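Residues per chain are reported as follows:
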Amino acid sequence: QRDRNMTEKKEDRKQTPESFGEILRNFRKESGVSLEQISVLTKVNKGQLLAMEEGRWDLLPAPVFIRGFVKLYAKAIGKEPDELLNLFDQISIEKEYEEHKEATKTKEKEKNKKGYLLLIVALFVVIIVSLMWLSSHRKRSTIFISKKNEESKINTTSTSSIITTTTTSTTTTIEEAKEEKGIKLVIKAKEYTWIGISVDGEKQKGLFLHEGDVITKTAKNSIELKVGNAGGIDIEYNGKELGSPGKRGEVKKLIFPPVKKEDKKEENL
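Below, the structure is looked at part by part. (Residues numbered from 1 in each chain as written. Predicted model: local features only at pLDDT ≥ 70, side-chain atom pairs only at ≥ 80, totals over all residues. Heavy atoms only, no water.)

## Notes on the overall build of the protein chain
As a reminder, the rule being used: Each helix corresponds to a stretch of at least 4 residues labelled H or I by DSSP, and each strand to a stretch of at least 2 residues labelled E; elements are numbered beginning at the N terminus. Note on areas: Shrake-Rupley with a 1.4 Å probe; residue coverage comes only from the protein chains shown.
When helices and strands are tallied, the protein chain shows nine helices and eight strands. When the accessible surface of the protein chain is split by element, carbon and sulfur atoms take 55% of a total near 18500 Å².

Written as structure tokens, this is what we have:
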């Protein structure tokens with residue numbers, strides 16, 4: 001009866017992720033169950049349970065999956081799932097998602113603008129350097145070439161230009177080959193899902209994807225990908241189509257480049 005009264009009082013005020021997480025934590029402490037025990041009973045990662053109690057929805061998958069976590073959490077601490085689910089439904093998760101999506105789009109636009117400006121500056125510098133080189137080269141050619149051996153000097157200059165062009169072409173090919181090394185990951189959303197991405201060991205960033213969304217990530221060493229709905233995406237790794245990494249509603253953690261079986265055995269030892 002006391003739990004129900006407490007729940008009703010909490011329902012009187014508008015719920016937020018933080019206030020809902022506080023309710024979960026208080027109920028858990030009253031039941032005397034630790035997060036480790038709940039993780040074992042529900043098979044839900046301890047970090048995700050802690051994120052629920054702290055109201056950190058940005059670290060969790062889509063709301064439909066969070067709702068399932070809440071139901072399992074309630075059973076683990078001996079509470080009626082419907083009571084906690086009613087409180088959970090009061091939180092405007094979709095509004096928070098839309099705000100997050102808009103913020104992500106704004107950041108992407110700013111990055112694109114900076115990229116275009118850097119490209120324009122680079123092209124301008126290349127043009128200036130090329131003009132200076134051509135001007136200097138013409139002056140040297142004018143001084144050096146005499147009337148008597150003009151034809152032979154022109155042929156020599158043409159040969160030098162061919163060698164220079166070939167060297168430049170070879171250098172460009174080598175540079176392009178270097179750029180092709182690394183990792184390129186393209187994620188294509190087939191339906192609503194949540195993903196978490198970590199590039200070269202950086203802090204994981206969570207994103208919500210809708211059907212038709214496409215995310216491209218590049219890295220020098222590795223990319224770690226966590227998916228809340230494995231059947232809701234297709235993956236392209238370094239130009240190779242891998243398809244969906246799992247079933248619909250399945251939570252998956254992937255590492256690129258994939259860890260070889262021999263490496264896994266050594267890690268287990």
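## Digging into the sheet that holds strand β6 (residues 233–237)
Operational definition: Two strands are counted as paired when DSSP detects at least two bridges linking them. With axes taken as lines fitted to C-alpha atoms, and helix axes fitted only over the stretch in contact, angles between N-to-C directions fall between 0 and 180 degrees.
Sheet architecture is open: four strands sit in the order β4-β1-β6-β7, paired in antiparallel fashion. If you trace the sheet from one side to the other, it starts and ends with β4 (214–219) and β7 (240–243), each paired once. Taken pair by pair, the neighbouring strands of this sheet meet at an average axis angle of 20°, ignoring direction. Alignment of strand β1 (residues 183–189) against β6, held across five bridges, turns out to be antiparallel. Looking at the pairing, leucine 185 lines up with tyrosine 237 of β6.

## Structural notes on the pairing of β6
Short version of the rule: For every residue, the accessible area obtained with a 1.4 Å probe (protein chains only) is divided by the maximum for its type, and the residue is called buried under 20%, exposed over 50%, and partly exposed between those limits.
Of all five residues in β6, four are buried, a share of seventy percent or more. Connecting β6 to the antiparallel partner β7 that follows it, the hairpin turn spans two residues, and asparagine 238 within it adopts a positive phi of roughly 50°.

## Observations concerning the pattern of salt bridges
For the record, the criterion: The term salt bridge refers to a side-chain nitrogen of Lys or Arg lying within 4 Å of a carboxyl oxygen of Asp or Glu.
Tallying each qualifying case throughout the model produces nine salt bridges. Notably, a salt bridge pairs arginine 28 with glutamate 53, separated by 2.5 Å at the nearest N-O pair. Remark: glutamate 53 occurs in helix α4 (residues 46–54) and arginine 28 occurs in helix α2 (residues 17–31); sequence separation between them is 25 residues. Like glutamate 53, arginine 28 is buried. Here glutamate 250 and lysine 252 are joined by a salt bridge, their closest N and O atoms 4.0 Å apart.

## Regarding the nonpolar core
Under the convention used in this document: Among the buried residues, those of types Ala, Val, Leu, Ile, Met, Phe, Trp, Tyr and Cys that are joined through side-chain atoms within 4.5 Å form a nonpolar core. In this analysis, two residues are considered to be in contact whenever any of their non-hydrogen atoms come within 4.5 Å of each other.
By size, the foremost hydrophobic cluster in this structure holds 25 residues, and its most contacted members are Phe20, Met52, Trp57, Val70 and Leu84. Those elements that provide at least two residues to this core are α2, α3 (35–42), α4, α5 (63–76) and α6 (81–89). With six residues, the top contributor of residues to this core is α5. Once you skip the residues sitting within four places of it in the chain, methionine 52 turns out to touch Pro17, Gly21, Leu24, Trp57, Leu60, Ile66, Phe69, Val70 and Tyr73. Ranked by size, the runner-up nonpolar core spans 19 residues in total, among them Leu207, Leu225, Val227 and Ile235.

## Considerations on the sheet that holds strand β5 (residues 223–227)
The strand order across the open sheet formed by four strands is β3-β2-β5-β8, and the pairing between neighbours is antiparallel. A strand with exactly one partner marks an edge of an open sheet, and here the two such strands are β3 (205–209) and β8 (252–256). Going across the sheet, the axis of each strand differs from the next one's by a mean of 20°, ignoring polarity. Here β5 pairs with β8 via five bridges, running antiparallel. Bridge pairing in β8 places lysine 226 opposite lysine 253.

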